[in-house]
Amino acid sequence: MTIYLTSGYDAKDTKGSPIGELGKVIGLEVDYGNDDGELRANWKPLADTRNYTWHVFTDSENPDGTLIKMDIAQKSKATISGLPSGEKVWIRVRGNGGSTGHGEWSNAVEKRVP
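If you're wondering where the values come from, they're calculated on a predicted model, not measured in any experiment.

Caption draft 1: A look at the environment of Lys24. The residue Lys24 is located in the segment before strand S1 (29–32) in this model. Placed 82 residues apart in sequence, Lys24 and Ser106 show a C-alpha to C-alpha distance of 5.8 Å. Sequence-distant contacts of Lys24, that is, excluding residues within four places in its chain, are made with Leu46, Glu104, Trp105, Ser106 and Asn107. Within the structure, Lys24 has its side chain in polar contact with the side chain of Asn107 (distance 2.9 Å).

Caption draft 2: Region of interest: the environment of Leu28. Residue position: Leu28 is located in the segment before S1. Take Leu28: its relative accessible area is 13%, and that puts it in the buried class. Taking C-alpha positions, Leu28 is 8.8 Å from Ile91, a pair spaced 63 residues apart along the chain. The contact partners of Leu28, leaving out residues within four places of it in the chain, are Ala41, Asn42, Trp43, Ile91, Arg92, Val93, Ser106, Asn107 and Val109.

Caption draft 3: Structural context of the sheet that holds strand S7 (residues 109–112). Spatially, S4-S3-S6-S7 is the arrangement adopted by the four strands of the open sheet, whose pairing is antiparallel. One side of each edge strand has no neighbouring strand; the edge strands of this open sheet are strand S4 (67–73) and S7. Strand after strand, the sheet turns through a mean of 25° between neighbouring axes, direction not considered. Note: strand S6 (residues 88–96) against S7, four bridges, orientation antiparallel. Among the inter-strand pairings, Val89 is bridged to a residue of S7, identified as Lys111.

Cut-offs used in this document
Here the residue numbers are simple positions, counted from 1 along each chain's written sequence. Only residues with pLDDT of at least 70 get local features here, since the model is predicted, and only at 80 or more are side-chain atom pairs given and counted; chain-wide, interface and lining totals rely on the full set of residues. Working from all heavy atoms in the structure, the side-chain values ignore hydrogens and water. The helix count covers DSSP runs of H or I at least four residues long, the strand count covers runs of E at least two residues long, and both are numbered beginning at the N terminus. By the convention used here, residues are in contact when the closest approach between their heavy atoms is within 4.5 Å. Under this definition, polar contacts are N or O atom pairs within 3.5 Å; protein pairs additionally need one hydrogen-donor-capable and one acceptor-capable atom, and for neighbouring residues in sequence, both atoms have to be side-chain atoms. Classification of residues uses two cut-offs on accessible area relative to the type maximum, computed with a 1.4 Å probe and protein chains only: under 20% is buried, over 50% is exposed, and between them is partly exposed. Two strands pair if DSSP finds at least two bridges between them. For helices, the fitted line uses only the C-alpha atoms of the stretch in contact; every axis is such a line through C-alpha atoms, and the angle between N-to-C directions lies from 0 to 180 degrees.

As structure tokens, this is what we get:
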């Protein structure tokens, strides 16, 4: 015996509408954290973003080749610890999601690690 269950309602459109390309993260600010080797970054939230990727690197001319730390942030802020004290670093952020998978990188911000 086969039983069919029905709610009596039409099926919902599950495709949704495309988001399109994400913009560039703006408003990136970097401050000292509470401990040595710690920085805090925050930026303006980006519409339609699932989460954010942040990078810390040591050469502004070669960010991918001098990457020392990276992670995913669920909100528009991150506490970055375990950095080399006294070293100058740059931080950049981009939003993840949209039709291209991610947005443009923010302008990099330079900071000396405490």
